[in-house]
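Structural description and commentary
So the chains spell out like this:
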Amino acid sequence: METFANLADGFAIALTWNNLWLALLGCFLGTIMGALPGLGPSNGVAILIPLAFTMGLGATPSLILLTSVYYGAMYGGRISSILLNIPGDEPAMMTCLDGHPMAKNGLAGAALSLSGIASFVGAFIATWGLILLAPQLVKIALLFGPAEYFALFALAFMTLGGVSSTNQAKSAFAAALGLGLATIGVDTQTGVPRFTFGEVHLYDGLDFLVAIVGLFALSEVFIFLEERHGSANADAKKLTIGKLYPPLSMIKQTIPTMLRTSVLGFIAGVLPGAGASLGSFISYSFEKRLVDKDNTFGTGDPRGVAAPEAGNNAAAGGALVPMLALGVPGSGTTAVLLAVLLSLNITPGPLLFSENPDVVWGLIAALFIANFMLLALNIPMVGLFTRVLLVPPRILMPIVAMVSFVGIYGISGSTFDLLVMIAFGVMGWVLRKLDVPLVPIILGTLLGNAMENNLRRAITIDNGNWWTLIDSPLTIILWSIAIVGFILPLVIGRRVKSRMRRDEEGALQD
Amino acid sequence: MSDRIFGVVGLLLAIGFALAALNIEESFLSDAVGPSGFPLIVAAVLALSSIVIVVKPDRAPHWPSLGRLAELLAAVVVMVLYAELLPTLGFVIATAFAAAYLSWRLGSGILASILTGIGSSVGIYVIFHLIFGLSLARGPLGF
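A quick note: this is a predicted structure, and the numbers were derived from the prediction, not measured. (Residues numbered from 1 in each chain as written. Chains lettered and ligands numbered in written order. Predicted model: local features only at pLDDT ≥ 70, side-chain atom pairs only at ≥ 80, totals over all residues. Heavy atoms only, no water.)

1. What about the overall build of chain A?
Heads up, the condition is: Each helix is a run of H or I in the DSSP string that is no shorter than four residues. Each strand is a run of E no shorter than two, and both are numbered from the N terminus. To get the radius of gyration, use the C-alpha atoms; to get the globule rule, take the number of residues to the power 0.38 and multiply by 2.2 Å. Working definition: with a 1.4 Å probe on protein chains only, accessible area under 20% of the residue-type maximum means buried, over 50% means exposed, and in between means partly exposed. Throughout, a residue-residue contact means that at least one pair of heavy atoms, one from each residue, lies within 4.5 Å. Surface accessibility in these figures is a Shrake-Rupley result with a 1.4 Å probe; residues are shielded only by whichever protein chains are displayed. By the counting scheme adopted, Arg and Lys are positive, Glu and Asp are negative, and His together with the chain ends is not counted. Just so you know, the charge point we use is NZ for Lys, CZ for Arg, CG for Asp and CD for Glu.
On a plain count of helices and strands, chain A comes out with 20 helices and 2 strands. In terms of overall dimensions, chain A is globule-like: its C-alpha atoms have a radius of gyration of 22 Å, near the 24 Å expected for 510 residues. Seen through its principal axes, chain A has C-alpha atoms that stretch 70 × 50 × 50 Å. Counting only residues that meet the buried cut, chain A has 65% of its 510 residues in that class. For chain A, restricting intrachain contacts to residue pairs at least 6 apart in sequence, the fraction spanning at least 24 positions comes to 80%. Accessible area for chain A stands at about 17900 Å²; split by element, carbon and sulfur atoms hold 65% of it. Within chain A, the 30 negative side-chain charges are centred at a point lying 11 Å from the centre of the 27 positive side-chain charges.

What follows is the structure in structure tokens.
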């Protein structure tokens, strides 16, 4: 099998001391970032990008470091869900429902290690899914011409709003805003400056890393300044962790749950716009409907801990499929990873698999390795991470802000970029208040140029005929999916979202 | 109400964007679409979604009180000052002040804030500059 030969090559790349060390560092930092409330996977990866660049890492090592952070953050999110009843990041929301009650019943250690195992199973199955599915998707994507790519980008934006936002108008607004920001700078095809207002710094366009760090990390600092809830760590000391290993019967009882929800989460992750939060939500509600015969879900049922954790980690792996195979990320963190690739001058998409097989398979092998490392880090050493939770926001948030500044300054050495980042931070805060999703903005700034180039190429090839955008069967299929994906959430999305809200509120009031 | 204002601002933004797009000077080598085609499509989407937001606003978010808003504004001012003064003061001094300020405003006591400021500044300097070799702003004292 060709796949296995590729995978073996990948392991040959990933199994160097340097890459192993980076994976371990990434897993460790990622778990910490996931565990700390207020620092999610997208923030975590975003503020570490400059570090990867300044360490002079090549493409494969940087990706190994940053995807390990990504997987690690997905593991880490559960820790504060279980111990504090505060999700460490958004996907870990559902883990609060049964994880915290388990902890209150004196089973905190069991809940932590069980969810660690569930995370492992989810991520492991999803990585296999990535190996099997991504090359198939590449085969389809190789048939794409410029018109199809334009339709694909449109599809990504139109479906992105779907579940992540209650208001389709707002996610469309966010996508357009991002695309508009991407057009700033010298036009690549004709060489005329656009929207630069004579400011020389803008001729190169806005650096999307600046936008990402500002929108994600800095706006988080503003949110904390506004609310100033410094007491998030109050309960942590009261809970005893208890025995670290769950009884074998508990693991046996939860295995079918883990397997089912891993598959479910993976599918949710592959779908554009769904991402890990939906993965854990679907997994939890599906399992609840399927196996919760005695109404024990919500009172500390181990299956209720395993389901969302397997689901969200599987979704994290699934989200890598469209990012690598099509160059179209489906979630915030994979968008940030795409930014890394673009900054390294690597264009993800079907050609990545033929032109840079070392990057793809090295990364996949690293994911397997990272997953085992995470299991090792997260079960015996979980006590270490619980201690990190005691760092209060009043110490943590200044550090986050300063690391953001250092990172951006380190890349460009320009005060102008820092000012732009502050502006994005303020904008991010206002937009978050107004419930405008930030991910479409990031995706817009990232994909804007590629989208425009494909549009112009398609139309130029066909001598200025705009109908060329919808005159092949593939484009028609893509546009149909896009339109359905945009309209469907208007009908059913509100219901799903309001249920998610209700469950979330249920989890957070105590 | 917030959403209506937001929508109107968005609409103005879209109009401004479209006007700026129409004013892009044509280059002698142009393709069928030209440099302003795509921005005009984007402006149209921006305008349409803004109109929908005005017509169908969501519930107003919980805005902070005036005091909190001043707090945020002060933080922005400190960050801008930080960005501007970074090249003159040098990384360690500027960062210590900025981090101490943020820590103070997030609820640390005076002494704790100063310690947080100095600690995070020196810590970042050691990790990012001395260990990883990131070039940071150099002040008059060489750090």
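Okay, back to it.
2. Description of the domain arrangement of chain B
Definition in use: The split into domains, and so the bounds of each, comes from an automatic or database assignment of domains.
Here the domain parsing of chain B yields domain 1 (2-55) and domain 2 (66-131). Computed from C-alpha atoms alone, the centre-to-centre distance between domain 1 of chain B and domain 2 of chain B is 38 Å.

3. Brief notes about the nonpolar core
Where a protein is soluble and globular, its nonpolar side chains tend to be buried together. Convention followed: Among buried residues, those of type Ala, Val, Leu, Ile, Met, Phe, Trp, Tyr and Cys that are joined through side-chain atoms within 4.5 Å constitute a nonpolar core.
If you look at the biggest cluster of nonpolar residues, it comprises 205 residues, and the most contacted ones within it are A:Tyr70, A:Phe222, A:Phe405 and B:Phe91. A total of 17 residues in this core trace back to one element, the largest contributor, which is helix 5 (residues 95-141) of chain A. Looking at which domains feed residues into this core, each of domain 1 (2-55) and domain 2 (66-131) of chain B gives three or more. The next biggest cluster of nonpolar side chains, apart from the first, holds 9 residues, and it includes A:Met93, A:Ala268, A:Phe281 and A:Tyr284.

4. With respect to the packing of aromatic side chains
All names here are of chain A. What counts, and what does not: When two rings of Phe, Tyr or Trp (its six-membered ring) have centres within 6.5 Å they constitute a pair, described as stacked for plane angles under 30 degrees, edge-to-face for angles over 60, and tilted for the intermediate range.
Counted by the stated rule, this structure contains 19 aromatic pairs over all chains. Taken together, a centroid distance of 6.2 Å and an interplanar angle of 40 degrees make the contact between tyrosine 149 and phenylalanine 153 tilted. Of this pair, tyrosine 149 and phenylalanine 153 both sit in helix 6 (residues 146-164), 4 residues apart, which is roughly one turn of the helix. Taken together, the ring pairs connect Phe4, Phe11, Phe120, Phe124, Trp128, Phe368 and Phe372 into an aromatic cluster.

5. Details of the interface of chain B and chain A
Quick reminder of the rule: Defined here as a combined quantity, buried area equals the accessible surface (1.4 Å probe) lost by two parts on assembly, summed across both. Salt bridge, as used here, is a side-chain nitrogen of Lys or Arg placed within 4 Å of a carboxyl oxygen of Asp or Glu. Polar contact criterion, stated in full: a pair of N or O atoms within 3.5 Å, where within protein one must be able to donate a hydrogen and the other to accept it, and residues adjacent in sequence count only if both atoms are side-chain atoms. Residues are sorted three ways: Asp, Glu, Lys and Arg are charged, Ala, Val, Leu, Ile, Met, Phe, Trp, Tyr, Cys and Pro are nonpolar, and all the rest, Gly among them, are polar.
In this assembly, 67 residues from chain B lie in contact with 61 residues from chain A. A combined buried area of about 5700 Å² lies between chain B and chain A, and 79% of that area is made up of carbon and sulfur atoms. Linking chain B with chain A are 2 salt bridges, by the criterion used here. A salt bridge links A:Lys170 to B:Asp58; the nearest nitrogen and oxygen atoms lie 3.0 Å apart. Put simply, chain B and chain A have 10 residue pairs in polar contact (both at pLDDT 80 or more) between them. When contributions to the side of chain B that touches chain A are tallied by element, the ones reaching two or more residues are helix 1 (2-22), helix 2 (37-55), helix 3 (66-89), helix 4 (91-105) and helix 5 (110-131) of chain B. Looking at the side of chain B that touches chain A element by element, the count peaks at 13 residues for helix 3 of chain B. Split by residue class, the side of chain B that touches chain A holds 42 nonpolar, 15 polar and 10 charged.

6. Here's the deal with a nonpolar patch on the surface
All names here are of chain B. Just so we agree on the cut-off: Nonpolar side chains (Val, Leu, Ile, Met, Phe, Trp, Tyr) are joined into patches within 5 Å and like charges within 9 Å, using only residues with over 30% relative accessible area and no salt bridge.
A contiguous nonpolar patch, built from Trp104, Ile110, Ile114, Ile118, Val122, Val126, Ile127, Leu130 and Ile131 and spanning about 820 Å² of accessible area, is present on the exposed surface. No other element matches helix 5, which puts 8 residues into the nonpolar patch. By secondary structure assignment, the location of isoleucine 131 is in helix 5.

7. Things to note about the confidence of the model for chain B
The test is simple: Confidence of the predictor at the level of single residues is captured by pLDDT, which takes values from 0 to 100.
Summary statistics for chain B give a mean pLDDT of 86 and a share of 94% for residues scoring 70 or more. Within chain B, helix 2 of chain B carries the highest mean pLDDT (92), whereas helix 5 of chain B carries the lowest (87).

8. So, unusual backbone geometry
All names here are of chain A. Even without a glycine there, the phi angle at phenylalanine 195 is positive, about 50 degrees. Examined against the element boundaries, phenylalanine 195 turns out to sit in the loop between strand 2 (193-194) and helix 8 (208-227). Assessed through its relative accessible area of 9%, phenylalanine 195 is described here as buried. Of note in this structure, asparagine 345 is not a glycine but carries a positive phi near 65 degrees. You can call asparagine 345 exposed: its relative accessible area is 71%.

9. A few points about the environment of A:Asp187
With respect to the helices, strands and loops of the structure, A:Asp187 is situated in the loop between strand 1 (185-186) and strand 2. A sequence separation of 247 residues divides A:Asp187 from A:Leu434, and the C-alpha atoms of the two residues are 32 Å apart. With residues near it in sequence (within four places) discarded, A:Asp187 still touches A:Val192, A:Arg194, A:Arg456 and B:Pro35.

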